[in-house]
Amino acid sequence: MGTLIRKFNWLETELGHPLNWSPVLKTSVNILLNSRFPMFLFWGENLNCFYNDSYRPSLGIQGKHPGILGLPAKEAWKESWKDINPLIQEVLNGHQANWKEDQLIPIYRNGAMELAYWTFSYSPVHDEYGQPCAIFVTCMETTEKVLAGQAIVEKTLEMAQINRKLSESNEMFNLINQEVKSKNQELTQINQELLQTKENLEKSLQAVFETEARFRSMIHDSPIAMLVNRGEDLVFEEINDSMLRMIGKDISVKGKKILDVLPELEGQPILKTLYKTFQTGETIQKLEEPIWINREGKKYQGYFNLTYSPLRENGIVTGILQSAVDVTEMVLARKKIEQVEAFTRLSIQSANLGTYQFDMENAELIVSDRTRIILGFHAEDFITFDNVWSQVSEKYKKEVRDAISKTISTRERFILDFSIQGFRDKKMKWVRAYGGIYQDQKGQFSQFYGVIQDITESITINQKFKESQENLQLMADNVSQLIWMADETGHRIWFNKRWEEYTGADVKTLSGYGYSKLYHPDYSERVLEKWKMHVQTGEIWEDTYPLLGKDGEYKWFLSRAIPLKNAQGKVLRWFGTNTDITREREILQEKDDFISIASHELKTPVTSLWASLQLLDEIKEEPFTPLIPKLISYATQSGKKITQLIEDLLDTSRLNEGQILLKKSNFDIMRVLEQCCIDFQISSDFFLTYKGLRSLEVYADETRIEQVIVNFLNNVKKYAANTQQAYIHLEKEGKFAKISIEDLGPGIDEEKVPNLFHKYYRTESSGARFSGLGLGLYINAEIIKKHGGKIGVESKKGKGSKFWFTLPLAEPILN
Ligand code: ADP
C-alpha cells in the first residue's frame, strides 16, 4: 500500500502533493502503513480515505480496492454512509473515540453487496492546533465470527425448538398416558357401576314389587275413595272400601268393565273425562262434579271432587287411578247458603229494605240506593253519619244512642223504631233499623251493618188500628152488655169490663168454663149442654138464664154467640154477648099483668053495664019504676068508667107514638082547679082547702092540665077514701106556677116513689084493692114534661101524699 500511496496523484485531491502534507498527516500515514492491524484513515475536510495492507482483504476482490484510496469517505462508502457518518461526526465534534463491536455494515465487494460485520474504533487525529482533523479507524472484519456465532445461535435455537417440541411431545405423551390411565380407571369404575347397576336393578325390581304392593295397599287403606281402571274398557282392577261404599257395590265388581258396573254413567259428562284421561294421558281434576249413581236401587245425586291420573307402562297409558271425595253435603250446604244469601238479597229488595254499613274507625257511612231514598237524600248528596244523626227526631236520639252503645258493648243485635225527618223534603217518617256489630277482616269490631225499613205506612196503619182497637175496647167496655169471646173449643178467652163489674170475678176466674159457676144451678146443666152442642155444630147459639151478680142477686140474661168461620167453614172463634133482660122480662111481666088488670078493670064496668042494660031490657015493657033511672045511672057510670079506661089507654098509646099535641094558651090555673074541684066535691065527701095564691096565669093546654088535675083528684078519692080532707096549694116558683094536691091518705113507701110515674106501675097494695091500670100518673108526668114543667110527690107511709107539678107562667106575667 506504501507504493500505491506514493504513486497516487494526490494533486487531484484537496490534500495536494504529499510533500506539502502536514507532519501530522505524514505521521498518521506512516503509522497506518506500518501497522499489521487493519487500519483506515479519513483525512481532511472531505475525509479522504487511506488504508493499509491488513485492511485490503476486508475490501474483497473486485471491490473498493484500490479505487477508494484518496476518495472522499462519502463517495467511498456510499452504501454504508448513513451508518458510519454519525460515528465520524461524533468524533470530529470533539467527543471521545467510539467503539463498536460486530456492527453490521454492508460493503460492496467481490462484485456484489455483502453483509459484513465489523468490530472497530474511531479515534480522532488532532492537528498541530489540537483540533480533530482526521479519523483513525482501527478495524477488523468479524463477519465470519459473527456468522459462526449466528449459526451457533440458530443451532441452539433449533435445538431449543426441538427440545421444546420434545418436551411438548413428552407432555402430550404424559397426558395421553394419564388419559389412558384415567380411561382405565373409568373403565374400572364403569365396570363397578355396571355391577352396582345390576345390583340396583335387582333392588329396583324388588322395590317395584314393593311399590306396587304399597300402591295397592295405599289404595286399600286410603280413606279417600280410590279406584284403578285398566284398559280401554276401564276394567275395575283395584278398588278400596271407600269407593265401594260410595258407589254402593261390593268387591265382586273387580274385573268388570266400568259400564257393566255403573251403566248409569253412560251419557254423563264424567265418562267422557275418563276416556279423555285414558287417551291423552292428561291428569284431570274436576271439582264439585255433579254425578248421579244408582246406589242400591236408589238414585243418588251427588257432587264429587275427582282426580283422574293416568297409569303408564313403558310410557303408554294403560289405566287410570281415580280418586273421589263426596262433597255433596258441603256443596248443598254452600248452595243453601247461596240460596239464603240470594233469598236475603231478594227479601231486602222486595221488602224495600235499605242497607247500611258504618265503619266506626274511619267514620265512613256506606248506604244502598234504597237507604238513600228512605232517608230522603238525593243521588248527588254526600251522606255522613252526622247528616243522618241530625235527621233522628230529638225524642228518639237517646234511645237510638243507647241501642248503639248496648250493641257495641254486648254485640247483641238491635231493632229499633224511631222517627226521622227526611233530609231534603223534611217530611216526618218512621223507620225501623236493624243493626249489629261485626268483626272486620282485621278482627276488630268496628263495623256496623244493618238494614233500614220505611215503616211510616205501617205505623200509620198501626196507629189507626190501635186507635180503632182502643175504640173497640172502649166500646166493648162501655156497652151495657157483657161481651165475651171463646175459642173453637168453646173455652172463653176474653171478657169485657162489664163482666167484672157485674160478677165481681176477674178474667182469670171467668176464663175457660169458669163463668158457668155463676149460672143459676137450676139452669146451669141445660144451658151448658146446649152450648156444647152448638160448639160442635157451629150454629148460632142463643139462650136465656139467670146469672149471679156480685150483689148476690140473679139477673136474667139473653146470651147469644155467633161463630167466626174460615173459608172451609171451620169455627175459629165465638163472639158472644150477654144482655141483661131483667127489665124486659119485668116489662113483659108488667104487660101480662096489665092485660090481666085491664081485662079485669074493663070487665067490672062492662059487667055492670050489661047487668043494668039486661034489667032495663027485662022491664022495658013494664010500667015505669024508680029502678029505671037508677039502672040508667049505673049504666052511664059504667060507660063513663069504660070510656075513661079506654081514654087512658088511647092517651098512653098516643104518648108512645108522640101524637099528643098541645094547644097552649094563657089561662088562670086557679079557675081550672076550682072547676075540677067542684066536680070532685060533688062526687065525693071531701072537703077541699085552698092554700097560697088564689090566681095565677099559666101558659098551657087547658084541657090536658084539667086531665092532670082530675087524675090527681081521682087518686085522692080512690086511695085516700077514708079521709075527707084535701088541700089545693098554688104558689109561684120562679117562672113557674107550682100546683100541689095533698091528701091525708095511706102515703107511699119511699122506695116505690121513683117508680110511681112509670107506665103500668101500681103499688102492690093498690093493685089488689083498687081498680086502675097504673097509667094515670104516667100520663100526668108525660103531659107536664111536654109543657116543660116538673112533676113529683112528697109522701111518707101513713102520712099522706102531696103530688105536685109546675107549669110555665103566662108570658104577659113574665113580661
Ligand atoms: P092507678 O090509680 O090506676 O093504679 P095511677 O098511675 O093513677 O094508677 O097510680 C099509680 C099508683 O100510685 C097507684 O096504684 C097507687 O098505688 C099510687 N097512688 C096514686 N095516688 C095515690 C095517693 N093519693 N095515695 C096513695 N097512693 C097513691
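Just above, that's the structure.
Figured I'd write up the structure that's included with this text. (Residues numbered from 1 in each chain as written. Predicted model: local features only at pLDDT ≥ 70, side-chain atom pairs only at ≥ 80, totals over all residues. Heavy atoms only, no water.)

Here we look at helix 2 (residues 23-34)
Next up, step 1: With 12 residues, helix 2 extends 16 Å between its outermost C-alpha atoms, agreeing within 8% with the 16 Å of an ideal straight helix rising 1.5 Å per residue.
Next up, step 2: All buried positions along helix 2 are accounted for by V24, L25, S28, V29 and L32. Angularly, the buried residues of helix 2 cover 130 degrees about the axis, an arc narrow enough to put them on a single face. Opposite the buried face of helix 2, by more than 90 degrees, sit the exposed residues P23 and N34.
Next up, step 3: Here the buried face of helix 2 lies against helix 1 (2-7), strand 1 (39-43), strand 2 (48-51), strand 6 (117-126) and strand 7 (132-141). (Helix = DSSP H or I, 4+ residues; strand = E, 2+ residues; numbered from the N terminus. Expected span 1.5 Å × (residues − 1). Buried < 20%, exposed > 50% of the residue type's maximum accessible area, 1.4 Å probe, protein only. Arc of directions from axis to C-beta. Contact = heavy atoms within 4.5 Å.)

Focus: the pattern of salt bridges
Next up, step 1: What the rule picks out here adds up to 30 salt bridges.
Next up, step 2: Residues R704 and D651 are paired through a salt bridge, measuring 3.4 Å at the closest nitrogen-oxygen approach. You can see R704 sitting in helix 21 (residues 702-719) and its partner D651 sitting in helix 19 (residues 627-656), a full 53 residues away along the chain.
Next up, step 3: Salt bridges here are not isolated pairs; linked through shared partners, they connect E647, D651, R654 and R704. (Salt bridge = Lys/Arg side-chain N within 4 Å of Asp/Glu carboxyl O.)

Topic: the layout of surface pockets
Next up, step 1: Space inside the second largest pocket adds up to approximately 430 Å³.
Next up, step 2: Around the second largest pocket sit 23 residues that line it, and Y356, F385, V388, V400 and I404 are the ones nearest its centre.
Next up, step 3: Going through the elements one at a time, strand 13 (354-359), strand 14 (364-367), helix 11 (369-375), helix 12 (385-391), helix 13 (394-410), strand 15 (414-421), strand 16 (428-439) and strand 17 (445-454) are the ones with two or more residues in the lining of the second largest pocket.
Next up, step 4: Residues of the lining of the second largest pocket, tallied by class, amount to 20 nonpolar, two polar and one charged. (1 Å grid on protein atoms, 1.4 Å probe; cavity = no way out; pocket = protein on both sides within 12 Å on 5 of 7 lines; lining within 4 Å. Points joined across faces, edges and corners; volume = space filled by probe spheres on them. Nonpolar A, V, L, I, M, F, W, Y, C, P; charged D, E, K, R; others polar.)

Some details on empty space enclosed by the protein
Next up, step 1: On inspection of all chains with the given rule, the structure shows two cavities of 30 Å³ or more.
Next up, step 2: Its boundaries defined by the atoms lining it, the largest cavity holds a volume of some 180 Å³.
Next up, step 3: Taken together, 16 residues make up the lining of the largest cavity; nearest its centre are I247, L262, I291, L306 and Q322.
Next up, step 4: Split into classes, the residues belonging to the lining of the largest cavity amount to 15 nonpolar, one polar and no charged.
Next up, step 5: Quantified by volume, the second largest cavity comes out at close to 140 Å³.
Next up, step 6: Along the walls of the second largest cavity sit F40, F42, Y55, W77, S80, I84, I105, W118, F120, Y122, V137 and C139, which together make up its complete lining.
Next up, step 7: Take the lining of the second largest cavity: its biggest share by element is three residues, from strand 6.
Next up, step 8: Of the residues belonging to the lining of the second largest cavity, the class tally is 11 nonpolar, one polar and no charged.

Focus on helix 13
Next up, step 1: With 17 residues, helix 13 should reach 24 Å at 1.5 Å per residue; the first-to-last C-alpha distance of 25 Å fits that figure.
Next up, step 2: Looking at helix 13, one finds that the buried residues are Y396, K397, V400, A403 and T407. One face of helix 13 carries all of its buried residues, which in axial projection span an arc of 140 degrees. Exposed side chains of helix 13 directed beyond 90 degrees from the buried face belong to E394, K398 and S409.
Next up, step 3: Residues of helix 13 that are buried sit in contact with helix 12, strand 15, strand 16 and strand 17.
Next up, step 4: After helix 13 finishes, the residue R411 shows a positive phi value of roughly 65 degrees.

Quick notes on the packing of aromatic side chains
Next up, step 1: Evaluated as defined, the whole model comprises 32 aromatic pairs.
Next up, step 2: Centre to centre, the rings of F377 and F423 are 4.1 Å apart; their planes meet at 20 degrees, and the pair counts as stacked. Linking F377 in the loop between helix 11 and helix 12 with F423 in the loop between strand 15 and strand 16, this pair joins segments that are 46 residues apart in sequence.
Next up, step 3: Residue classification places F377 among the buried residues on the basis of a relative accessible area of 5%.
Next up, step 4: By the ring-pair criterion, three or more aromatic residues cluster together here, those being F40, F42, Y51, Y55, W77, W118, F120 and Y122.
Next up, step 5: The residue whose ring lies beneath K64 is W77, and the NZ or CZ to ring-centre distance is 4.9 Å.
Next up, step 6: A cation over a ring is seen here: R492 above W484, with NZ or CZ 3.6 Å from the ring centre. (Phe/Tyr/Trp six-rings, centres within 6.5 Å; stacked < 30°, edge-to-face > 60°. Lys NZ or Arg CZ within 6 Å of the ring centre and 35° of its normal.)

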